[in-house]
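These are the residues of each chain, in order.
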Amino acid sequence: MPNNEKKLNGTVIVTYRCNARCNMCNRYKEPSRPEDEITIETIKKLPRMYFTNITGGEPFIREDLKEIVRELYKKSDRIVISTNGFFTDRIIDLAKEFPQVGIRISIEGLEKTNNEIRGLENGYQRGYQTLLKLRELGLKDIGFGMTVQDKNAPDLVKLYDISDELGMEFATASLHNSFYFVESHNVIRDRQMVAENFEQLINKLLKSKSPKKWFRAYFNHGLINYIYGQKRLLPCDMSFDTFFIDPFGDVMPCNGTKNKEVMGNLNQSTWDEVWNGEQAEVVRKKVRCCERQCWMIGSVSPAMHKYIWKPAWWVVRHKIKSVFSKKPYSMYENKICRDYRDGKVTKEQLDQCSTCEFHNDKQS
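Described in the following lines is the structure provided in the data block. Remember, it's a predicted structure, so these values are computed and weren't measured experimentally.

### A short note on the sheet that holds strand β3 (residues 79-83)
Strand order in the open sheet made by the nine strands is β6-β5-β4-β3-β2-β1-β7-β8-β9, with mixed pairing throughout. Bordering the open sheet on either side are β6 (169-174) and β9 (264-265), each of which pairs with just one other strand. Of the strand pairs in this sheet, strand β4 (residues 102-106) and strand β5 (residues 142-148) are connected by four bridges, and their pairing is parallel. Residue pairing for β5: Arg 104 is matched across the bridge by Gly 143. Along the sheet, helix α6 (residues 156-166) makes contact with β5 and β6, crossing β5 at roughly 175°.

### Focus: the packing of α6 against helix α7 (residues 191-207)
Between two packed helices, the angle of one axis relative to the other and the distance separating the axes together describe the packing. Two elements in contact, α6 and α7, have axes whose closest approach is 9 Å; the angle formed by their N-to-C orientations is 25°. On the basis of their axis angle, the class for α6 and α7 is roughly parallel. For the pair formed by α6 and α7, the contact residues are Leu 156, Val 157, Tyr 160 and Asp 161 on the first element and Asn 197, Phe 198, Gln 200, Leu 201, Lys 204 and Leu 205 on the second. Across the contact of α6 with α7, the residue classes break down as six nonpolar, two polar and two charged.

### Quick word on the pairing of β5
Among the seven residues that make up β5, seven are buried, leaving the element largely enclosed by the rest of the structure. Where β5 and β6 come together, six bridges link them in parallel fashion. Opposite Met 146, over in β6, you have Thr 172 as the bridge partner. For the handedness criterion, the β-α-β arrangement of β5, α6 and β6 is classed as right-handed.

### Some points on the nonpolar core
Counting 104 residues, the largest nonpolar core has Leu 46, Ile 81 and Ile 103 as its most contacted members. Setting aside chain neighbours within four positions, we find Leu 46 in contact with Val 12, Leu 72, Lys 75, Phe 243, Ile 245, Leu 266 and Trp 271.

### Brief notes about the pattern of salt bridges
Under the definition given, this model contains 37 salt bridges. Salt-bridge contacts for Lys 66 lead to Asp 93; the nearest nitrogen and oxygen are separated by 3.1 Å. Placement of the pair is Lys 66 in helix α2 (residues 65-72) and Asp 93 in helix α3 (residues 88-97), with a sequence separation of 27 residues. Lys 204 is the partner of Asp 161 in a salt bridge, and the nearest nitrogen-oxygen pair spans 2.8 Å. With Asp 161 in helix α6 and Lys 204 in helix α7, this residue pair connects regions lying 43 residues apart in the sequence. The class for Asp 161 is partly exposed, based on a relative accessible area of 23%.

### Looking at the packing of helix α8 (residues 211-227) against helix α11 (residues 297-306)
In contact at an axis separation of 12 Å, α8 and α11 are set at 125° when each is read in the N-to-C sense. The orientation of α8 with respect to α11, classified from their angle, is oblique. Once α8 is placed against α11, the crossing between them reads as right-handed. Contacts between α8 and α11 pair Phe 215, Tyr 218 and Phe 219 from the former with Ile 297, Val 300 and Met 304 from the latter. Within the contact of α8 with α11, the residues separate by chemical class into six nonpolar, no polar and no charged.

### Some words on empty space enclosed by the protein
Summed over the entire model, instances satisfying the criterion amount to two cavities of 30 Å³ or more. Quantified by volume, the largest cavity comes out at close to 170 Å³. Of all elements in the fold, only α8 and α14 (347-353) reach the threshold of two or more residues within the lining of the largest cavity. Its residues placed into classes, the lining of the largest cavity shows seven nonpolar, seven polar and four charged. Here the second largest cavity defines a volume of roughly 30 Å³. Residues that form the lining of the second largest cavity fall into these classes: three nonpolar, two polar and three charged.

### Topic: unusual backbone geometry
Put simply, Gly 56 and Gly 57 share a cis peptide bond, and its omega is 20°. Relative to the helices and strands, Gly 57 is located in the loop between β2 (49-55) and α2. Phi is positive for Asn 122, close to 60°, though the residue is something other than glycine. Counting through the fold element by element, Asn 122 comes out in the loop between α4 (111-118) and α5 (123-137). The phi angle at Ser 239 is positive, at roughly 85°, despite the residue not being glycine. Mapped onto the secondary structure, Ser 239 falls in the loop between α8 and β7 (242-245).

Quick notes on the rules
Residues numbered from 1 in each chain as written. Predicted model: local features only at pLDDT ≥ 70, side-chain atom pairs only at ≥ 80, totals over all residues. Heavy atoms only, no water. Pairing = 2+ DSSP bridges. Helix = DSSP H or I, 4+ residues; strand = E, 2+ residues; numbered from the N terminus. Contact = heavy atoms within 4.5 Å. Axes fitted to C-alpha atoms, helices over the stretch in contact; angles between N-to-C directions. Parallel < 35°, antiparallel > 145°, perpendicular 65-115°, else oblique. Nonpolar A, V, L, I, M, F, W, Y, C, P; charged D, E, K, R; others polar. Buried < 20%, exposed > 50% of the residue type's maximum accessible area, 1.4 Å probe, protein only. Right-handed = clockwise from strand over helix to strand, strands pointing away. Core = buried A, V, L, I, M, F, W, Y, C linked by side-chain atoms within 4.5 Å. Salt bridge = Lys/Arg side-chain N within 4 Å of Asp/Glu carboxyl O. Left-handed = near helix turned anticlockwise from the far one by under 90°. 1 Å grid on protein atoms, 1.4 Å probe; cavity = no way out; pocket = protein on both sides within 12 Å on 5 of 7 lines; lining within 4 Å. Points joined across faces, edges and corners; volume = space filled by probe spheres on them.

If you want it as C-alpha cells, here you go:
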C-alpha cells in the first residue's frame, strides 16, 4: 500500500461469543462459532489504520488474540481493546507483550449496579482489579467504559471520580438499538434524571485541567442530545473514512444500523475490491440517508477530528464560562430539554424519536 494512501479508522469485531449477560445487549444469545471467526489471513488484508478498536462479544475469549494484535500493529498506529476485564490473566499476558496497547474495561456503575447489569458474578471486582494490575504494569492507555441507562445513571459521577483518582480514562455511551446488540427495545425512561447526571459529569470535565476531558465534555453533551432523540450534532461519515469488520469477515459501515449492512466480505475479496466495489457504494448511499442519529464513540470520534471547529468552539465558550461560574454547562442549553421541562414536548413524543421498536419502527 502506498505510504500516501489515506489511513482509516477501523473496528475489528473478533468474536460474538461473550461470557456476560448484559441487560442492554443480547449478543450472547447469537454467538459466533470459533471455526467461523475472522482469521489472521483475513486480518492481513485490512488497510492501514490510524486507530483500531478490537471488540466483541468478549475479545479475550479468543485464545489467539495476541496473534491478532501482533498482526494489527503492522497496520495500525494505535489499538484499543474493549473488554469486560474478566479474563485477567490473558489481559495481563497480552499487556506485557504490548505495553502500548489501550484497554477499556466495561464497568457499568458501582459494584452492586454493575454486577446486576452485566450478569457477571463478582464482575466489578474482576474488572477493577484487572485495571489496577494493568496500572502496576505501567500501562498508560487504560480506563473505564460505561453505558449509561436509567439503572446506573446515579453512579455516573461516582464512577468518574474513581477513574479520575486513579488517573485513568473514562469513556461513556448510552443505550442504542441495532443488529449488533441483537436488541431493539432499549430506551431511556427518565430522560431528565439521566441528563442531570450527564450534566454533572460535563461540568466536572470542563473544570479539569485536561483538554482531552474538555472535548469529552462535548461528547457527553451530545449524549444528552441523543437520549432526547434529536439530530446528531456532527455529520456521520461512517463507510467513508471509518469501517467495522465482523467475525465473519463482513465489512460494514458501523454497528448502529437496524439491520446488518454489508459492503463486502474480506474473506472472499481483497480490501480494494470491498472498499471500492459497487456494494460499498450502495451502502454509502444508505448511510447518507440514515436517520438513526447514533452518538457512539466509533462514529463521533472521527467526526470530532474531521469537523474540529464545531466541538472546539463549544469548548472555548464553556471554558470561558468556567472562569466565572462553578457550573459552566447546563442541560437546558439544549432547546429540547427546555421544551420538555416546560411541557411543550411530551414523553410520548420523545419516545417516538427513539429507535426503540416498542415506540417506533424506523428503517436503518
